[in-house]
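# Structure assessment
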Amino acid sequence: MVTFSDDEFPVEGTEHYKALYLTVKYEDFVVTRVLVDNRSSANICPLSTLNKLKVDDDMIHKNNICVRGFDGRGKDLVGDIVLELIIGLIEFTMEFQVLDIDVYYNLLLGRPWIHATKAVPSTLHPMVKFEWDRQEIVVYGEDNVCAHSDASIPFIEVEYDKRALGLLGF
């Protein structure tokens, strides 16, 4: 059973209002600003993230589906893609909906990932916990976008855009 305790609060205690961002690994890249959002019914990958990760466009399965953002407006998908990410020390194969949008995150992990892993995200404690192979796994949220001192590990940071509206950016 996954539980959280008061001693796991961040330094600010309960007075912070941070979103829950994780850092994950994709192949040889470290990806920062991966938003965990249980309001989203999809895992979202901006097209700009795929370009930064040097993912071949042929890996995107094109489709003509329209998704609705939190504001009710529609946006056509570029397609969907399956990515293998390492979160904590665990490798996950996940499907993402690819959108050509300007947003504040590099990837969004929504209910498909949360439910598949039986993860319990806590924005109060900024961390995600889940059981894997009968062990409790804890993945801590980012304090800041981190740069790695090892120059051999490429990482991508989000580019801030004032036009980004809402979590899906449209």
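Now for a quick tour of the structure. Here the structure is a predicted model, which means the values were calculated and not measured. (Residues numbered from 1 in each chain as written. Predicted model: local features only at pLDDT ≥ 70, side-chain atom pairs only at ≥ 80, totals over all residues. Heavy atoms only, no water.)

## A few points about the packing of aromatic side chains
- Under the definition given, this model contains five aromatic pairs.
- When the centroid spacing of 5.8 Å and the interplanar angle of 70° are considered together, the rings of Phe92 and Phe130 count as edge-to-face. Pair noted here: Phe92 is in strand 8 (residues 90-99) and Phe130 is in strand 11 (residues 127-132), with a separation of 38 residues, a long-range link.
- Given a relative accessible area of 7%, Phe92 falls into the buried group.
- The class for Phe130 is buried, based on a relative accessible area of 0%. (Phe/Tyr/Trp six-rings, centres within 6.5 Å; stacked < 30°, edge-to-face > 60°. Helix = DSSP H or I, 4+ residues; strand = E, 2+ residues; numbered from the N terminus. Buried < 20%, exposed > 50% of the residue type's maximum accessible area, 1.4 Å probe, protein only.)

## Here's the deal with unusual backbone geometry
- In this model, Glu27 sits at a positive phi of 50°, which is unusual for a non-glycine residue.
- As for its position among the elements, Glu27 is in the loop between strand 1 (21-26) and strand 2 (29-36).
- By relative accessible area, Glu27 is classed as exposed at 55%.
- The backbone of Arg33 sits at a positive phi, close to 55°, despite the residue not being glycine.
- You can see Arg33 is positioned in strand 2.

## Focus on the nonpolar core
- Leu50, Leu85, Ile87, Phe96, Trp113 and Phe130 are the most contacted members of the largest nonpolar core, which totals 32 residues.
- The biggest single contributor to this core is strand 8, with five residues.
- Ignoring sequence-local partners within four residues, the contact set of Trp113 consists of Asn43, Ile87, Phe92, Met94, Ala119, Val128 and Phe130.
- Counting 11 residues, the second largest nonpolar core, distinct from the first, contains Tyr21, Leu35, Ala42 and Leu99. (Core = buried A, V, L, I, M, F, W, Y, C linked by side-chain atoms within 4.5 Å. Contact = heavy atoms within 4.5 Å.)

## Brief notes about the pairing of strand 8
- Along strand 8, seven of the 10 residues are buried, which leaves the element largely enclosed by surrounding structure.
- Across nine bridges, strand 7 (residues 79-87) lies against strand 8 in antiparallel orientation. Opposite Ile87, over in strand 8, you have Ile90 as the bridge partner.
- A loop of two residues connects strand 7 with strand 8, the two strands running antiparallel in sequence, and Gly88 in this loop sits at a positive phi of about 70°. (Pairing = 2+ DSSP bridges.)

## What about the pattern of salt bridges?
- By the definition in use, this model includes four salt bridges.
- When the shortest N-O distance is used, the salt bridge between Lys129 and Glu8 registers 2.7 Å. Of the two residues, Lys129 is situated in strand 11 and Glu8 in the segment before strand 1; the sequence distance between them amounts to 121 residues.
- For Arg39, the salt bridge identified is with Asp37, shortest N-O distance 3.3 Å.
- Exposure remark for Asp37: the relative accessible area of 6% places this residue in the buried category.
- In this structure, a network of salt bridges that share partners links the residues Glu8, Lys129 and Glu136. (Salt bridge = Lys/Arg side-chain N within 4 Å of Asp/Glu carboxyl O.)

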